[in-house]
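# Results of the structural survey
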Amino acid sequence: MNYSHLMQRLEGWLKGHPWAWIPTAFLAKGVSTVTFAVISVLAFKRLGMDNAQVCMHVALLYLPWLFRPLASVLVLRLMSLRRWIVLCELCMAVALFAVALCVSFKGTHVGVMLWLMVHSVVGVIHDAAVDKYFRMNAPLTIRRSFGGITSVFYRVALLFGQGVLLMVVGNMETLTRDVAGAWRFLFYAMSLFFLLLAVGNLLLLPKPAPIEEGTPFLFKSRWMEPVKDFFAQKGIVSVLFFLALFLLPELLVEKVGMLFLVDAGHTGGLALSPQEFGFVQGTIGVFALSIGGVLGGMAVHRHGVGRWLWPMALAFTITNVTYLFLAAYMPTNIWLISLSMGVKFMGLGFGSTAYMVSLIAFSRDDGGELRPERLAVCSSVMAFATLLFTALSGYLMEWLGYYRFFWLVVACSLVTWCVTFLAKVDHLAGKK
């Protein structure tokens, strides 16, 4: 048997086949998001910040995402998309290594925040480069299932980031009784993870045709015109209100909900350890989110978003009552807490389908073609809302306390329902 010939064929398949590079590229993209959206919350809390400080610092990490449309322009210049992807993953590895070094010193929250901000900035560029590379190099059949592919690897990243990693760091805290040391190990491990991803993508990402390597383009015609068309469309005010306010209850409760699970009992929290949090939200929550997302996707795929818009809006908001239940009765049974969070995240997965399908519908031009520039603008609006309401949530929680804060979150469901009523979404959006 000619083993050298087989190795050459295998090497050729690995170098060019989409499924050889899609998992590593999108896994890096997902873990990058989980780092500043989830892991940073627990890290800041365990390193001594109060809730208002945690929410403000995490909100600031969303600031670079306001400039996501500019990142889409940047990655088409200077060098190839392939080089952008590998370079960004190397930079994220360096940033997380620096975070680990800063955790070594007491009172260095500024250093941790600085390097996490660097990670977030590079993450925005990496996100844009992966999306552009995927659209330019993946076959049409795979691009058509773009949403499904990104969802799968984003949920794998969630499971890995806020499930496996947080359970590991929690067990290390328990065994070593060294909180800073456990989190230092976590960031060293994540730095190594991104380094390995960079090496893997350097070897596996195929070199695209010269036209896809970053050729010159007209800035106005390729980027500014679609953006201007987006803001000139009929009903843009209701679109912007929907994009910014549909998520209001979730944006208020997302980070505070995490803090509620891990905060001490005398402050009104459930006092879960990091490994318990990793199991409850990072494992049970992720599986429930996936099931809800699959059910939502199946429903929209069959009937279009129109029939399911209101049921999804209700599921998205009403399941926040689970936080009220937990804050009122303060259960200690891990399985009861897990069941409650499973209900919450299943409703979140099912309900957020309506938002994502609507976001894509708003990103299409009059001919029905999806415009990446419009999608980037919609994402920037969402990032602005996330930054604003995440920063506000910590101060509201400190002022009201957990129980009354969760009542406020439930009351904010009215805002979601109002913008759902006003939104003019194509009823067939998402249908096959």
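First, a word on what this report is: a plain description of the structure on this page. (Residues numbered from 1 in each chain as written. Predicted model: local features only at pLDDT ≥ 70, side-chain atom pairs only at ≥ 80, totals over all residues. Heavy atoms only, no water.)

### As for the pattern of salt bridges
The final tally for this structure, using the stated rule, is eight salt bridges. Between Asp131 and Lys29 there is a salt bridge whose closest N-O contact spans 2.5 Å. A residue pair is termed long-range when its members are at least 10 positions apart, and Asp131 in helix H6 (residues 109-137) and Lys29 in helix H2 (residues 18-46) qualify at 102 residues. Of the two residues, Asp131 and Lys29, neither departs from the other in class, the shared state being buried. Ionic contacts of the salt-bridge type, sharing partners, join the residues Lys29, Arg68, Asp127 and Asp131 into one network. (Salt bridge = Lys/Arg side-chain N within 4 Å of Asp/Glu carboxyl O. Helix = DSSP H or I, 4+ residues; strand = E, 2+ residues; numbered from the N terminus. Buried < 20%, exposed > 50% of the residue type's maximum accessible area, 1.4 Å probe, protein only.)

### Side note on the packing of aromatic side chains
The tally for this structure, following the rule as stated, stands at 21 aromatic pairs. Look at Tyr402 and Phe406: their rings are 6.1 Å apart centre to centre, the planes differ by 25 degrees, and that puts the pair in the stacked class. Of this pair, Tyr402 and Phe406 are both found in helix H18 (residues 402-411), four residues apart, which corresponds to roughly one turn of the helix. The pair Tyr402 / Phe406 is uniform in exposure class, with both members buried. (Phe/Tyr/Trp six-rings, centres within 6.5 Å; stacked < 30°, edge-to-face > 60°.)

### A word on helix H19 (residues 413-422)
Within an α-helix, residues lying three or four positions from one another point in the same direction, as the helix has 3.6 residues per turn. Along H19, the residues classified as buried are Ser413, Thr416, Val419 and Thr420. Each buried residue of H19 sits inside an arc of 130 degrees when the element is viewed along its axis, so together they form one side. Turned more than 90 degrees away from the buried face of H19 sit Leu414, Phe421 and Leu422, all of them exposed. Contacts made by the buried residues of H19 are with helix H11 (236-245), helix H12 (248-262), helix H14 (305-318) and H18. (Arc of directions from axis to C-beta. Contact = heavy atoms within 4.5 Å.)

### Focus on H14
With 14 residues, H14 should reach 20 Å at 1.5 Å per residue; the first-to-last C-alpha distance of 19 Å fits that figure. At Pro311, H14 shows its largest bend, some 30 degrees. Those residues of H14 that fall on the buried side of the exposure criterion are Val305, Leu309, Met312, Ala313, Ala315, Phe316 and Thr317. Packing partners of the buried residues in H14 comprise H12, helix H13 (274-303), helix H16 (334-362) and H19. (Expected span 1.5 Å × (residues − 1). Bend = angle between axes of the 7 residues up to and from the residue.)

### Thoughts on the environment of Tyr133
By secondary structure assignment, the location of Tyr133 is in helix H6. Sequence separation between Tyr133 and Ala25 is 108 residues; the distance between their C-alpha atoms is 9.7 Å.

### What to know about unusual backbone geometry
One non-glycine residue with positive phi stands out, namely Arg177, at about 55 degrees. Backbone geometry places Met330, a non-glycine residue, at a positive phi of 45 degrees. Examined against the element boundaries, Met330 turns out to sit in the loop between helix H15 (321-329) and H16.

### Things to note about the packing of helix H3 (residues 51-60) against H12
Running from N to C, H3 and H12 cross one another at 140 degrees; their axes reach a closest spacing of 11 Å. Relative to H12, the element H3 is oriented oblique. For H3 against H12, the interelement crossing comes out right-handed. Facing Asn51, Val54, Cys55 and Val58 of H3, the residues of H12 in contact are Lys255, Val256 and Leu259. A per-class count over the contact of H3 with H12 returns five nonpolar, one polar and one charged. (Axes fitted to C-alpha atoms, helices over the stretch in contact; angles between N-to-C directions. Parallel < 35°, antiparallel > 145°, perpendicular 65-115°, else oblique. Left-handed = near helix turned anticlockwise from the far one by under 90°. Nonpolar A, V, L, I, M, F, W, Y, C, P; charged D, E, K, R; others polar.)

Function cannot be inferred from these measures alone, as they are strictly geometric.
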